[in-house]
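Spelled out, the chains give:
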Amino acid sequence: MHGFEDDVKRFREKDFEANREHFGKLGRKQNPHTLFIGCSDSRVVPSLITQTMPGELFIVRNIANLVPMYRESVEFLATTSAIEYAVQILNVKNIIVCGHSNCGGCAALWENPENLSHIPHTRKWLELAASVKDKVTLTLKSADHAAREWLTEQFNVTEQLTHLMTYPYIREKVENKTLQLFGWHYMIHSGEIYQFNAESGHFELLGG
């Protein structure tokens, strides 16, 4: 079991003290410029890969970086309400949907549903990416497992960007050019990030 006592003390004595003025400004207000929608995978650290400070990113994380399509409901909608708050209250200027390599959620799309019977809520959640599997099947003509993995992860990112555009207030801001949407595919083993180019329809190396 990992104990965090020493880590917390080190943060307070080193990192916090080094940035005391910055944290002081954040004490009563946040003004993030970007909503980052990423996977809950422990290997994906948004502030690390974007080199951002506390207060810059409003972060939503869930299995396979999924975005439910817009709907009004009396249910408890965690991801939907976080998106709503970021766009409508915090007025973020960017939304990044960040997928990643070796994504277990994307891999699970290819599993026999019976193999996921012991995780029924995860299986239900992954229905938000059901169409991704069909798109990959239509696109990929070979049995290349690595290519299927990459395509699934990338098509999943573009599918979630499409879902974001079902939110009326997001569509309005995108059309008014006051909000930008970005799709990323983060390669854990190399540190590379590929960004979706809507004009070419391809993911291109960012900062290469």
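For the structure given in this document, a descriptive report is provided here. (Residues numbered from 1 in each chain as written. Predicted model: local features only at pLDDT ≥ 70, side-chain atom pairs only at ≥ 80, totals over all residues. Heavy atoms only, no water.)

1. Points about the sheet that holds strand S6 (residues 202–205)
Here is step 1 of the chain: With mixed pairing, six strands are arranged side by side in an open sheet as S2-S1-S3-S4-S5-S6. Edge positions in the sheet fall to strand S2 (57–62) and S6, since each of these pairs with one other strand and no more. Averaged over neighbouring strand pairs, the angle between their axes works out to 30° when direction is ignored.
Here is step 2 of the chain: Two elements, strand S3 (residues 94–100) and strand S4 (residues 180–186), share seven bridges in a ladder whose sense is parallel. Bridge assignment links His100 to a residue of S4, and that residue is Tyr186.
Here is step 3 of the chain: Running at roughly 165° to S4, helix H8 (residues 145–164) makes contact with strand S1 (34–39), S3, S4, strand S5 (193–197) and S6 of the sheet. (Pairing = 2+ DSSP bridges. Helix = DSSP H or I, 4+ residues; strand = E, 2+ residues; numbered from the N terminus. Axes fitted to C-alpha atoms, helices over the stretch in contact; angles between N-to-C directions. Contact = heavy atoms within 4.5 Å.)

2. As for the packing of helix H7 (residues 130–139) against H8
Here is step 1 of the chain: Contact pair H7 / H8: the axes reach a minimum separation of 9 Å and the direction vectors enclose 130°. It follows that H7 is oblique to H8 by the angle criterion. When you trace H7 past H8, the crossing you get is right-handed. Between H7, through Ser131, Val132, Lys135, Val136 and Thr139, and H8, the contact on the second element is made entirely by Arg148, Leu151, Thr152, Phe155, Asn156 and Glu159. (Parallel < 35°, antiparallel > 145°, perpendicular 65-115°, else oblique. Left-handed = near helix turned anticlockwise from the far one by under 90°.)

3. Things to note about the environment of Met187
Here is step 1 of the chain: With respect to the helices, strands and loops of the structure, Met187 is situated in the loop between S4 and S5.
Here is step 2 of the chain: Assessed through its relative accessible area of 1%, Met187 is described here as buried.
Here is step 3 of the chain: Put simply, Met187 and Gly99 are 88 residues apart on the chain and 8.9 Å apart in space, counted from C-alpha to C-alpha.
Here is step 4 of the chain: Met187 has contacts with Ser101, Trp150, Glu192 and Tyr194, leaving out every residue within four places of it along the chain. (Buried < 20%, exposed > 50% of the residue type's maximum accessible area, 1.4 Å probe, protein only.)

4. So, unusual backbone geometry
Here is step 1 of the chain: With a phi close to 55°, Gln51 is a non-glycine residue in the positive phi region.
Here is step 2 of the chain: Using a relative accessible area of 64% as the deciding quantity, one classes Gln51 as exposed.
Here is step 3 of the chain: Positive phi outside glycine occurs at Asn65, with the angle close to 45°.
Here is step 4 of the chain: One can find Asn65 in the loop between S2 and helix H4 (78–89).
Here is step 5 of the chain: Among the residues examined, Asn65 registers a relative accessible area of 1% and is labelled buried.

5. Regarding the nonpolar core
Here is step 1 of the chain: The biggest cluster of nonpolar side chains holds 24 residues, and the ones touching the most others in it are Leu35, Ile37, Ile83, Val87, Ile95, Leu164 and Ile170.
Here is step 2 of the chain: Listed by contribution, the elements that provide at least two residues to this core are S1, S2, H4, S3, H8 and helix H9 (168–175).
Here is step 3 of the chain: Ranked by residue count, the leading element in this core is H4, at four residues.
Here is step 4 of the chain: By size, the runner-up hydrophobic cluster in this structure holds 14 residues, among which are Ala64, Cys103, Val132 and Leu151. (Core = buried A, V, L, I, M, F, W, Y, C linked by side-chain atoms within 4.5 Å.)

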